[in-house]
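Structural overview for review
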Amino acid sequence: MREIQFVAAFWLVAGLAGAQVSTAQPPQAVRKSVQTTDGKTLEGQVLNEGTQELQLRTDDKKVVLLRKAEGGRYRVVTSQADWPTYHGDPSGNRYSKLTQINKNNAGRLATKWIFPLPNVTTVENTPVVVDGLMYVSSANECWALDAGSGRVVWHYQRPRTKGLTGNAAGGFNRGVATAGDRVFMLTDNAHMISMNRFNGELLWETEMADWRLNYNGTSAPLTAGNLVISGTAGGDEGVRGFVAAYEQATGKEVWRFWTVPAAGEPGSETWKGKNLEHRSGATWITGTYDPQLDTVYWPVGNPGPDFDGSDREGDNLYTDSIVALDAKTGKLKWYYQFTPHDVHDWDAEEPPVLVDTNWQGQPRKLLLQANRNGFFYVLDRTNGKVLLAKPFLKKLNWAEGVGADGRPILKTLPVQANGDTYVCPGFQGGTNWFSTSFNPSTGLYYFNVLERCNVFSIRKGDWEAGKGYMGGAARPAPGETFEKFLRALDIQTGEIKWEVPQVSGQATASAGALSTASGIVFFGENSGNFMAVDASNGKLLWQFPTNSVWKASPMTYMFDNKQYVAIAAGQAIVAFGLPE
């Protein structure tokens, strides 16, 4: 009953918050002096205050988070384990070594705080936590929060771009990156901006691409060395994709890798047709980084138009690929294309997870990806060699397997009298952009799976600014529904070790997974439950009904010596922890 009452109150608060206007600081600056439990005196501007906590900006422009103690004094608090990047680690693996929340006590998890994002429809954001501050975002907005209470420390906002097309027009933004005293974020119109992470002051702004050509920004950037790296969205609107790196200090562009080669460049021979400037290959999900190899691994989107391949004969490099780029120069080291000449929207924008583990008895540097085309892949990330490629779907009809040369062995699918084709998986894929997790203790890889087929049809059309460039449509197969699962795969064999069936509703959710060293997998279930299961067998440990359609993935951190698990649900960030 307590959980049901909370859910009702939660969405009431979220709805009311939508009518409020957030400000960076209180209307009038208020200063306060406090005594701390270690005998010091702290003085600064009050940024926010609750009955038990206080957020101060001191004269050195830093932020101090405080909690009330006995005798009118305050304790200084911060985070002991951060979540400093979109996936928590540059490797892209949402695996945490935290163990305070474990199989024995997970059933006691309770809500610790919520933060409704005002005037936001759906949150796709993964929070980032650094030194006690949590950073969350939506289109053209960023908030810094006290990670232990959800209180606002500062808020950055700029007007939304009018006339924008693509996902950013719907307000999607998946998060920020941090380095030193800076926060980096993409704006809806494909600009990279840098802010002071203590006060939200804009430090620099760089245009990545012209939004009038259908480019838009939704992804969380990636920091590598002294660079901040990102791609853009717009693949379904016919942009020419790229990955670009900028100096963290100045915003100056250092390198750019185009995912569709220009005429005469290597790979251009894989495109035969016209209008090559609108061949997509967008880069709208965050890549991963190996500092030892100094290599960035970036997933590349589908070719355009999505469903009509008649005017782009060939493999269409480097779409539907992982590209391994030298982090300092952006030069291509190797690539692997999962789906040559894709006509089903099966982009490779699923997390490329980097793990160092034993492979067939020998230590090896691996790249794992459950691809939208329905195959699970294990690559040697030093050279791109395919070590394993195996279907993770029970419904898959487009290929018999993957050959020794790494290319899919295609099946000939019947074409209906009207030109339609029945294909499994459908255009949403067997999985998608939401996060995945490999647990080194179990040797299992966890991700959400969609078993669904579509009927594909082709429609001719020319590229236009401000419009989609799909080249057809995909619709549910008559008389069929979909099935959703959390699946655990043995990375050595690709075998499904266990699965958790989910509820099939009218919509398919986009929620990822998080695993921990204590043997728990957290994930967003299709009907809106946030769940924790045993990492070894999938047994249910805990669930909480958020009554939302998921568009985000979970994360975890330690604040004031307490472990939290947080996720964006509907229009709010919700943080869970163990009772006091």
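Each remark here, short or long, concerns the structure printed above.
Description of the structure in this document. (Residues numbered from 1 in each chain as written. Predicted model: local features only at pLDDT ≥ 70, side-chain atom pairs only at ≥ 80, totals over all residues. Heavy atoms only, no water.)

**Considerations on the overall build of the protein chain**
Within the protein chain one finds 1 helix and 46 strands. The C-alpha radius of gyration of the protein chain comes to 23 Å, within 12% of the 25 Å expected for a compact globule of 580 residues. Overall size of the protein chain, expressed as C-alpha extent along the three principal axes, is 80 × 50 × 50 Å. Sequence-distant contacts, at least 24 apart, represent 60% of the contacts inside the protein chain between residues at least 6 apart. As displayed, the protein chain offers around 21900 Å² of accessible surface, 50% of which is attributable to carbon and sulfur atoms. Taken together, the 55 basic and 58 acidic charged side chains of the protein chain have centroids lying 4 Å from each other. (Helix = DSSP H or I, 4+ residues; strand = E, 2+ residues; numbered from the N terminus. Rg over C-alpha atoms; globule rule 2.2 N^0.38 Å. Contact = heavy atoms within 4.5 Å. Areas by Shrake-Rupley, 256 points an atom, 1.4 Å probe, with all protein chains shown as cover. Lys, Arg positive; Asp, Glu negative; His and termini not counted. Charge placed at Lys NZ, Arg CZ, Asp CG, Glu CD.)

**Quick look at the state of the cysteines**
Counted according to the given criterion, the structure contains 1 disulfide. Disulfide pairing places cysteine 424 opposite cysteine 453 at an S-S distance of 2.0 Å. Its torsion about the S-S bond being 105 degrees, the disulfide of cysteine 424 and cysteine 453 is classed as right-handed. Separated by 29 residues along the polypeptide, cysteine 424 in the loop between β33 (421-423) and β34 (437-439) and cysteine 453 in the loop between β35 (444-451) and β36 (454-458) bring together distant segments of the chain. You'll find cysteine 424 and cysteine 453 in the same group, each marked buried. (Disulfide = S-S within 2.5 Å. Buried < 20%, exposed > 50% of the residue type's maximum accessible area, 1.4 Å probe, protein only.)

**What about the sheet that holds strand β23 (residues 295-299)?**
Strand order across the open sheet formed by 4 strands is β22-β23-β25-β26, with antiparallel pairing between neighbours. Lying at the two open borders of the sheet, with one neighbouring strand each, are β22 (288-290) and β26 (332-337). Pairwise comparison of adjacent strand axes, ignoring direction, gives a mean angle of 20 degrees for this sheet. Strand direction decides the pairing type here: β23 and strand β25 (residues 321-326), joined by 5 bridges, are antiparallel. If you follow tyrosine 297 over to β25, its bridge partner there is alanine 324. (Pairing = 2+ DSSP bridges. Axes fitted to C-alpha atoms, helices over the stretch in contact; angles between N-to-C directions.)

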